[in-house]
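# Structural features, examined
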Amino acid sequence: MSSVVRARRAVRESVSGLPPAFWWLWTSTLVNRLGAFVATFMALYLTLDRGYSATYAGLVAALHGLGGVISSLVAGVMTDRLGRRPTLLVAQVATAVSVAALGFVRDPVAIAAVAFLVGMASNASRPAVQAMMADIVRPEDRIRAFSLNYWAINLGFAVSSMAAGFIAEYSYLAGFLIEALMTMVCAVVVFVKLPESKPVRSAEATAREESVGLGTVLRDGRFMGVVGLSFLVALIFQQGFIGLPVAMGQAGFTPADYGMAVAVNGVLIVVLQIPVTRFIEHRDPGRLLVISSLLAGYGFGLTAFAGSVGVFALTVCVWTLAEIVNAPTQTGLVVRLSPVHGRGRYQGMYTMSWAVAALVAPLMSGFVIDRFGAEWLWGTCAVVGTVAGLGYGLLMRRLPEEQKEPVADPPAVVRGTPEVSAS
């Protein structure tokens, strides 16, 4: 009984103190991920249902990723200039329309073009979500808030992946339409429940905002160092879904074996994300990022010695723990290094590091496995993780103290007034 009481207290403390607007944003994220279909089954749809080649499917996936790279920067600028709420609305409505269209187009050129638009639209909401979360949550609660949001993403993805398999057996078109409908539901939630959270701007703040462009972000040496290290870490994590299935297949394991091993990733994130976050919430972010980088690199490095599904699953446990620590810590650090009036652009640049990694990772894993063998890929991951860990150790020295700052007024958020800040 005492353990149950402690568990209940831990859950209550993990979710308490966050404003209502955060939970509407969290709900929007969960609904969005519950409806995810395109990213999971695009390759199967193109090769099995439409009869296209694997090369064409890879090209479409690359165009989808390229759209995400471009929209990361564009949406970051929109988030700062137009506001968080308008950017979210535009991104989610555009995603719903383009996903629905993708289910109906048949011409290969049209499919590639619409997939590019889907990649742009679906990735455009991320800088706005992260900037809005930073606006409405107190600095001391941000790691916890980002962790809860990441938990919602993984919970939604785990459920949608299982559901999408059954839906695909019935109709791929139904999957596209369900995702479009649920994305539109997210847009309605944003429209009805989330007011603009962009901080109130004085004349001086407006002048500062207008002086912050993408060039300003690129000249911010410490922040761009974080972006570069984030790219390296993302490159490692991508191998769990790109290099690992290929390597297991070459070693004679079945798709079901891979599914069993990688399922550990989603289960651990759902089970451990909240308790681990409670443990790391007020610890030094630089040290946490060093540890998570090393765990990620050597977690994948250990895959070189795996000879059974159980050992593969054990290596997944190691790099999943790194992911649980890295995700909220890294996002919180990006907010800490971003000026309030430039959060959208900074978040857009950070989001782009993951989008670029999603483009590079397939090329990297394919080249290394084909030319040298899977063992070299896992060794490369260990080296990259070590480099990233050393980089964080050097970059996070003399990290500036977190500045006290105003957050969006909770009463205005609860009432659902149309504006919190002046336009």
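Reference entry: report on the structure contained in this document. Treat the numbers as computed from the prediction; the structure is a model and nothing was measured. (Residues numbered from 1 in each chain as written. Predicted model: local features only at pLDDT ≥ 70, side-chain atom pairs only at ≥ 80, totals over all residues. Heavy atoms only, no water.)

## A few points about helix α17 (residues 374-395)
For clarity, the cut-off: Strands are runs of DSSP state E lasting at least 2 residues, helices are runs of H or I lasting at least 4, and numbering of each runs from the N terminus. To estimate the expected span of a helix, subtract one from its residue number and multiply by 1.5 Å. Each residue is placed in one exposure class: buried if its accessible area under a 1.4 Å probe, protein chains only, is under 20% of its type's maximum, exposed if it is over 50%, and partly exposed if it falls in between. Contacts between residues were defined by any pair of non-hydrogen atoms, one from each residue, lying within 4.5 Å.
Between the first and last C-alpha of α17 there are 31 Å, a value that for 22 residues agrees with the 32 Å anticipated at 1.5 Å per step. Listed as buried for α17 are A374, L377, W378, C381, A382, V384, G385, A388, G389, G391 and Y392. Contact partners of the buried residues in α17: α11 (221-238), α12 (243-250), α14 (285-301), α15 (309-337) and α16 (343-371).

## Here we look at the packing of helix α2 (residues 20-34) against helix α6 (residues 108-136)
We apply this condition: Lines fitted to C-alpha atoms define the axes, with helix axes restricted to the stretch in contact, and inter-axis angles between N-to-C directions lie between 0 and 180 degrees. If an angle is under 35 degrees, it is roughly parallel; if it is over 145, roughly antiparallel; if it lies from 65 to 115, roughly perpendicular; otherwise it is oblique. Here is the rule for handedness: rotate from the far helix to the near one, and if that takes an anticlockwise turn smaller than a right angle the crossing is left-handed, while a clockwise turn gives right-handed. Gly counts as polar in this scheme, as do all residues outside two lists: the nonpolar Ala, Val, Leu, Ile, Met, Phe, Trp, Tyr, Cys and Pro, and the charged Asp, Glu, Lys and Arg.
Put simply, α2 and α6 touch, their axes get as near as 9 Å, and they point 160° apart. As summarised for this structure, α2 and α6 are arranged roughly antiparallel, according to the angle between their axes. Where α2 crosses over α6, the handedness of that crossing is left-handed. Here α2 contributes A21, F22 and L25 to the contact with α6, which in turn contributes V129, M132, M133 and I136. Here the contact of α2 with α6 is built from residues that sort into seven nonpolar, no polar and no charged.

## Looking at the packing of helix α13 (residues 255-280) against α15
Think of two packed helices as two axes; the pair is described by the angle between the axes and how far apart they sit. Interaxial distance between α13 and α15 falls to 8 Å at its minimum, and their mutual angle equals 35°. α13 and α15 meet at a crossing whose hand is right-handed.

## Focus: the nonpolar core
Cut-off, in case you're wondering: The definition of a nonpolar core used throughout is a set of buried Ala, Val, Leu, Ile, Met, Phe, Trp, Tyr and Cys residues joined through side-chain atoms within 4.5 Å.
In terms of nonpolar packing, the biggest core is built from 51 residues, with F223, F237, L244, M248, F300, F312 and W378 touching the most fellow members. Of all the elements in the fold, those that place two or more residues in this core are α11, α12, α13, α14, α15, α16 and α17. Of the residues forming this core, the biggest block, ten residues, is contributed by α16. Once you skip the residues sitting within four places of it in the chain, M248 turns out to touch F253, D257, Y258, A261 and F312.

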